[in-house]
Amino acid sequence: MSLAEQQMARGAQDFRSMVRAGGWRAPTAGIVPGALQANLAVVPAEAAEEFFGFCMENPRPCPLLARTEMGARDMPGLGTDIDVAVDIPAYRIFRDGVRAERVESLATLWRPDFVAFAIGCSYSFEAAMEEARIDVRHISRGKNVPMYRSGIQTVPVGRFSGPMVVSMRPIAPGHADRVRELCAAFPHAHGAPVHIGDPAEIGIADVHTPDFGDTPDIEPGEICAFWACGVTPQLALLGARLEIAATHEPGHMLVTDRVAAVRPPDWRAA
C-alpha cells in the first residue's frame, strides 16, 4: 500500500470513528476523496441467498463488494475495524414491506440471524470526475445527489424485484464521452451512466422532483447523466415484505479503507 493509500485509509478510519461518536449524520458525498464508498443492505439469513442472487443478476445497480457471515458486523475485506451497525451516518428500517423508521445505529436492533451486504456506490468515482475538471454539482453546492425511480426494470429473483433507481449528475454536453470513459473504469461502483439525455426516455417525468436526495441544480445548456444506484435494493425490499430489513439512508454511505480506483477483494474472501 502506498503512502497516499495509507493516508486515505486512516482518513476513512477517522471518519468512521466520528460517525460512531455521533459527530456526522449528513450525506457522505466528497468525504475522504478517492475512498471506496458502499451502500448497505441487511436481511435475515432466510432471505440472504435470494438477495445475493438478486445482486448477481443485477450487477449495475447492485455491484456486490462484500457480505458478512450470519450475525457478524465486520467486513475485513473492506477495512480495519468496520462495524456495519454503527459506521453509517443514518439507516432505514423496513418492517413487513413498509419503511418504518430512520435510526442512527443498528446496534440495538441487530439480530444473530442478520446478514449484511455492501454494494458499490457512485460516490466512489466522483473524485476522478473532479480531477478531470468536471463539476460534481451536488458536492460543489453542498447537497445530496438526486435519485429517481426509473422505468428500467431489474431482473427478478425470488421475492426481490422492482425498478432500478438511478442517480443524476448534470454535465456539459461536451463532457459526455469523457464521463462515460472515466466511470467505466469503476464497474464496482456502478460504472458508466446507464443513460445520458432526456429523462423521459427512462421513465422520469420530472427531473426536478427526485424520489430521493435533493432537488438538482441544472444550469442552462446542461444535460442529465444517470447512473444505476445502490438505492435500488430498497425498492426491492419494499416488495419482498420481509419481517425486518435495514439499509443505509440514501446518500449516507459506509466509507471504506479501500481505494475506489482499485477493485476490492473478491466478496467470497471478505
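Above: the structure in question.
First, a word on scope: everything that follows refers to the structure included in this document. (Residues numbered from 1 in each chain as written. Predicted model: local features only at pLDDT ≥ 70, side-chain atom pairs only at ≥ 80, totals over all residues. Heavy atoms only, no water.)

A few words now on the overall build of the chain. Counting secondary structure elements, the chain contains 6 helices and 11 strands. Whereas a compact globule of 270 residues would reach a radius of gyration of roughly 18 Å, the chain reaches 17 Å, a difference of no more than 12%. Taken along its principal axes, the extent of the C-alpha atoms in the chain is 50 × 45 × 30 Å. Taken across its 270 residues, the chain has 55% of its residues classed as buried. Nonlocal contacts in the chain, meaning residues at least 24 apart in sequence, comprise 78% of its contacts between residues at least 6 apart. Surface accessibility of the chain: about 10,800 Å² in total, with carbon and sulfur atoms responsible for 51%. (Helix = DSSP H or I, 4+ residues; strand = E, 2+ residues; numbered from the N terminus. Rg over C-alpha atoms; globule rule 2.2 N^0.38 Å. Buried < 20%, exposed > 50% of the residue type's maximum accessible area, 1.4 Å probe, protein only. Contact = heavy atoms within 4.5 Å. Areas by Shrake-Rupley, 256 points an atom, 1.4 Å probe, with all protein chains shown as cover.)

Remark on secondary structure: sheet strands pair via backbone hydrogen bonds, oriented parallel or antiparallel. As summarised here, the arrangement of the 4 strands in space is S6-S7-S9-S8, forming an open sheet in which the pairing is antiparallel. Strands at the two margins of the open sheet, each flanked by one partner only, are strand S6 (147-153) and strand S8 (195-196). (Pairing = 2+ DSSP bridges.)

So, on to the environment of Ala26. Structurally, the position occupied by Ala26 is in the loop between helix H1 (3-20) and strand S1 (35-44). On a C-alpha basis, the gap between Ala26 and Ala90 in space is 7.9 Å, while along the polypeptide they are 64 residues apart. Setting aside residues up to four positions removed in sequence, Ala26 forms contacts with Pro89 and His252.

This part is about the pairing of strand S9 (residues 223-228). Counting buried residues along S9, 5 of its 6 residues qualify, which places the element largely inside the surrounding structure. Direction of pairing for strand S7 (residues 163-171) relative to S9: antiparallel, over a ladder of 6 bridges. Considered in S9, the bridge of Ser167 is made with Trp227. Where S8 lies against S9, 2 bridges are found, and the strand directions are antiparallel. Residue pairing across strands places Ile196 opposite Ala225, the latter belonging to S9.

This brings us to helix H5 (residues 176-184). Regarding H5, the residues found buried are Ala176, Val179, Leu182 and Cys183. Buried residues of H5 fall within an arc of 130 degrees about the axis and therefore sit on the same side. Away from the buried face of H5 by more than 90 degrees, exposed residues Asp177 and Glu181 are located. Considering only its buried residues, H5 is in contact with helix H3 (126-131), S7, S8 and S9. (Arc of directions from axis to C-beta.)

Per the counting criterion, the structure on display carries 9 aromatic pairs. Ring geometry for Phe51 against Phe160: centres 5.4 Å apart, planes inclined by 80 degrees, an arrangement best described as edge-to-face. Here Phe160 lies in the loop between S6 and S7 and Phe51 lies in helix H2 (residues 45-57), a separation of 109 residues in the sequence. No difference in accessibility class separates Phe51 from Phe160, as the two residues are buried. With a centroid separation of 6.2 Å and an interplanar angle of 40 degrees, the aromatic rings of Phe54 and Phe160 are classed as tilted. Here the residue Phe54 occupies a position in helix H2, and Phe160 occupies one in the loop between S6 and S7, the gap between them amounting to 106 residues. The pair formed by Phe54 and Phe160 is uniform in burial state, with each residue classed as buried. Cation over ring: Arg67 sits above Phe52, and NZ or CZ is 5.2 Å from the ring centre. Between Arg169 and the ring centre of Trp227, over which it is positioned, the NZ or CZ distance is 4.8 Å. (Phe/Tyr/Trp six-rings, centres within 6.5 Å; stacked < 30°, edge-to-face > 60°. Lys NZ or Arg CZ within 6 Å of the ring centre and 35° of its normal.)

A separate point is unusual backbone geometry. Phi angles above zero are rare outside glycine, and Asp96 is one such case at about 55 degrees. As for its position among the elements, Asp96 is in the loop between strand S3 (91-95) and strand S4 (98-103). The backbone of His190 sits at a positive phi, close to 85 degrees, despite the residue not being glycine. In this fold, His190 is placed in the loop between H5 and S8.

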